[in-house]
Each structure stands twice: as structure tokens, then as C-alpha cells.
Amino acid sequence: MKQRNPIIEWVTDPTKNFLTSFLVGTLLFTIISDGISALFWDNLSEWLQAKLNIEELSTFRLIVVVVLILAIFVLIYVTPFSRWLKRRLVRTFGNTPQTVQTNVRPLRETFPGLIAVMGRTLPNDESPAERAILHHWNGGQTPHLLHCWIVCTQQSESSAQELQKKLIDKGLSQGCALHYGDNYWMDDPENFGEQLNLCVADDLIDDPIYIQRLINCIYSDACTRYGLDESEMIADFTGGTKSMSAGILLACATAARRLQYISQLGNRELMEIEIAYKLVPDKSA
């Protein structure tokens, strides 16, 4: 379970500490807003009013208020700025997970969200991505897979297309969406205004840091576009190169993200790596 910094909770949640929330909301924010308001209306409004050639002060004030409201709504609901700011605040004031214990156990659960890697396979072979998707599809019985993000390389993107056709023939209905290829773009929560797609370029295949960044994009995309929480998803690192697997492991080294792989022994059973954490304050921030 995620734990939040108590200082952030006191400030943002009135039920935790009403006095702290009240003082910050009424005193600190009021002083800041009054200062910005005085700076604008006393120093910039006359110049801006002259530039826009607006004679009525009331009309000018109305235009400014409407424009600011629209700008704020666009910034919050259209751009990824709010998600980027939230991540920065959590990194600065949040807690750092430290591993206590790691267990490996057979995976029995199914998840609505899956991240898989598409490797190049022979036409009649079952790829790790197919094995993982069929497990979480659960024969179409609820609960089952709803969204799968397939990380491809430029060489394996055609294999992902063939896999989609093969899965449809096996009964994978429209209730499950497969996302893959260079036409599926996602906002990068770590780099405001940038986007990544699900096809990894040849010169980035062996870059685990880029793969980590890509997996973070997928988790952000799952939340913002489809409403999936991180705990409702699992990442399979079986099908890629060693560097791609390392990148997935780096991205999933948090308490809420789940990991799986396919055993190479016996009946190729799906195994989950279950990591137990404790949260301690990040003193390096």
C-alpha cells in the first residue's frame, strides 16, 4: 500500500489536520495571490490595456479573468503538466521504498492491465507475449485482461501484428485492446511536452534507462487514458533482450508495480516476483 508524507497530507487533506490546512489555505496562499494580483493590476494592467486598445476597465478585467480561467483549465486537463508536477512533489517530499524481502511464486491472478515485450519468434511458436496475454485474458471470463501494451522493436513490430491476428482467431474479443507499434503515442510524465511510442528504435534496444522511461510512460498512460491504477497492472519481462528486461525491472522497483516472468522449465508456468517493501523518509531530497 502506498504511504504519503504526513506534511503533504496535513496541507492537502483537511481531515488530517484542519488547522494546518486552514492556515496554509487562508494565510499563505492568500498572501501569495494578493501579491501577484497587486503586481499585475498596479504595474502591468495599464500597459496591457493600452496594447489591447481596450478603453473600459471593467471589460478589460473581464477579459483577463476569462483568459486566465481558460488557461488554467487547459494546463490542468489538457496538458500533462499536473501529472508531471505531482511526480516531482512526490519525489521531493515523498517516501523512499526499501526492499525487505523478495519472493517468487506461481501467478494465479489475472490483471486488467498487462505490459509485455514482443520478441521475434517463428510463425508457429508461442511467444512469451502470447503466453502472458492468454493467461490474463482468462478465456474471456471475468476478471480478464482489458488492455495490453506490447513493447516492440522495429524487427518485431510485424510479429506483434501477426500475434494480434492469432489472438483474435483464438477468441480474443473486442473486450481486450492490444496497443503496440510506432502509431501508439504516450505522454512522457518525466519530460513535460514529450511523447514516446511503443516501438523501440534499434539504437535504443540496449538502453535500459530508455526502457525504464518507456515503461513509466505506459503506467502513466494506463492511468490517465484508461483509469487503471498501477496495482491493477503487471509487467512481463520475459520476451525482450537482457537490457530491455533490466529496464522493466528498474521501472517496476516500486511497491505498487507487479512483475512476472515465464518459467523456462516444465509447462512454462507464469511466475510472479513479489517484493515486500518498507517506506522510510528520503533524507537525500
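Worth saying up front: this structure is predicted, and the values here are computed from it rather than measured. (Residues numbered from 1 in each chain as written. Predicted model: local features only at pLDDT ≥ 70, side-chain atom pairs only at ≥ 80, totals over all residues. Heavy atoms only, no water.)

Chemist: What am I meant to see in the overall build of the protein here?
Modeler: For the protein, the helix and strand inventory stands at eight helices and 10 strands. The contacts in the protein between residues at least 6 apart in sequence include a share of 71% that link residues at least 24 apart. A total accessible area of about 16900 Å² is found for the protein, and carbon and sulfur atoms account for 58% of it. (Helix = DSSP H or I, 4+ residues; strand = E, 2+ residues; numbered from the N terminus. Contact = heavy atoms within 4.5 Å. Areas by Shrake-Rupley, 256 points an atom, 1.4 Å probe, with all protein chains shown as cover.)

Chemist: Help me understand helix α8 (residues 242-251) in this model?
Modeler: Given 3.6 residues per helical turn, the α-helix brings residues three or four places apart onto the same face. Every buried residue of α8 is listed here: S243, M244, S245, G247, I248 and A251. Buried positions along α8 lie against β2 (113-117), β3 (147-153), α7 (208-226), β8 (233-236) and β9 (258-262). (Buried < 20%, exposed > 50% of the residue type's maximum accessible area, 1.4 Å probe, protein only.)

Chemist: Can you help me understand the nonpolar core in this one?
Modeler: Grouped burial of nonpolar side chains is what soluble globular proteins tend to show. In this structure, W149, V151, I215, I218 and I248 are the most contacted members of the largest nonpolar core, which totals 28 residues. Secondary structure elements with two or more residues in this core: β2, β3, α7, β8 and α8. A per-element tally of this core places α7 first, with eight residues. Counting 23 residues, the second largest nonpolar core, distinct from the first, contains L114, C148, Y180 and I262. (Core = buried A, V, L, I, M, F, W, Y, C linked by side-chain atoms within 4.5 Å.)

Chemist: In this structure, what is going on with the packing of aromatic side chains? I would like to understand it.
Modeler: The relative placement of two aromatic rings is captured by the distance of their centres and the angle of their planes. Per the stated rule, a full pass over the model turns up two aromatic pairs. Ring geometry for W149 against Y226: centres 5.9 Å apart, planes inclined by 65 degrees, an arrangement best described as edge-to-face. Highlighted residues: W149 in strand β3 and Y226 in helix α7, separated in sequence by 77 residues. Consider the rings of F237 and Y261, whose centres lie 5.8 Å apart with planes at 40 degrees: the pair is tilted. (Phe/Tyr/Trp six-rings, centres within 6.5 Å; stacked < 30°, edge-to-face > 60°.)

Chemist: Teacher, can you tell me more about the pairing of β8 here?
Modeler: Each regular strand shows side chains that alternate between the opposite faces of the sheet. Burial along β8 is two-sided: the residues M233 and A235 and I234 and D236 are all buried. In the sheet, β8 pairs with β9 via three bridges, with the strands oriented parallel. Residue A235 lies in a different strand from β9, and its bridge partner there is L259. (Pairing = 2+ DSSP bridges.)

Chemist: Explain the pattern of salt bridges to me, please; I cannot follow it from the model alone.
Modeler: Charged atoms that come close allow side chains of opposite charge to pair. Throughout the structure, instances matching the rule amount to 12 salt bridges. Here K165 makes a salt bridge to E162, at a shortest N to O gap of 4.0 Å. Of the two residues, K165 and E162 are both situated in helix α6 (residues 157-169); the distance of three residues between them amounts to about one turn of the helix. Look at E162 and you get partly exposed, because its relative accessible area is 48%. (Salt bridge = Lys/Arg side-chain N within 4 Å of Asp/Glu carboxyl O.)

Chemist: Honestly, the packing of helix α5 (residues 128-137) against α6 in this entry has me stumped. Any pointers?
Modeler: Helix-helix packing: each pair is described by the crossing angle between the helix axes and the interaxial distance. Two elements in contact, α5 and α6, have axes separated by 11 Å at closest approach and are oriented at 35 degrees. Here α5 and α6 pass one another in a crossing that is right-handed. Between α5 and α6, the contacting residues are A129, E130, I133 and L134 on the first element and L163, K166 and L167 on the second. The residue inventory of the contact of α5 with α6, partitioned by class, reads five nonpolar, no polar and two charged. (Axes fitted to C-alpha atoms, helices over the stretch in contact; angles between N-to-C directions. Left-handed = near helix turned anticlockwise from the far one by under 90°. Nonpolar A, V, L, I, M, F, W, Y, C, P; charged D, E, K, R; others polar.)

Chemist: I tried to follow unusual backbone geometry on my own but got confused; where do I start?
Modeler: Both trends apply: most residues other than glycine have a negative phi, and most peptide bonds are in trans. Omega for the peptide link from T142 to P143 comes to 0 degrees, which places this bond in the cis form. The backbone of N138 sits at a positive phi, close to 60 degrees, despite the residue not being glycine. With respect to the helices and strands, N138 occurs in the loop between α5 and β3. On the basis of relative accessible area, N138 is assigned to the partly exposed category, the value being 31%.

Chemist: How do you make sense of a nonpolar patch on the surface when you look at a structure like this?
Modeler: On the surface, V65, I69, I72, F73, V74, L75, I76, Y77, V78 and F192 cluster together into a nonpolar patch covering about 970 Å² of accessible area. Along the chain, I69 turns up in helix α3 (residues 57-77). (Patch = residues over 30% accessible without salt bridge, like charges linked within 9 Å, V, L, I, M, F, W, Y side chains within 5 Å.)

Chemist: Explanation requested: the pairing of strand β4 (residues 177-180) in the structure shown.
Modeler: Bridge count between β3 and β4: four bridges; the pairing is parallel. Each residue of the ladder has a partner; that of I150, found in β4, is Y180. The β-α-β motif built from β3, the intervening α6 and the parallel element β4 has right-handed crossover chirality. (Right-handed = clockwise from strand over helix to strand, strands pointing away.)

Chemist: Got a minute to help me understand the packing of α7 against α8 in this structure?
Modeler: Orientation of α7 relative to α8, taken along the N-to-C sense of each, is 50 degrees, at an axis distance of 7 Å. Considered as vectors, α7 and α8 are oriented oblique to each other. The crossing of α7 and α8 is right-handed. Residue-level inspection shows P208, I209, I211, Q212, I215 and N216 of α7 in contact with α8, the latter providing S243, M244, A246, G247, I248, L250 and A251. (Parallel < 35°, antiparallel > 145°, perpendicular 65-115°, else oblique.)

Chemist: Please explain α7 as it appears in this structure.
Modeler: The first and last C-alpha atoms of α7 sit 26 Å apart over 19 residues, in line with the 27 Å expected at 1.5 Å per residue. Where α7 is concerned, the buried positions are Y210, I211, L214, I215, N216, C217, I218, Y219, S220, D221 and A222. Its side-chain oxygen placed 3.1 Å from the backbone nitrogen of I209, D207 serves as the N-cap of α7. Phi for G227, located one or two positions after α7, is positive at around 75 degrees. (Expected span 1.5 Å × (residues − 1). Polar contact = N/O pair within 3.5 Å; in protein donor to acceptor, adjacent residues only side chain to side chain.)

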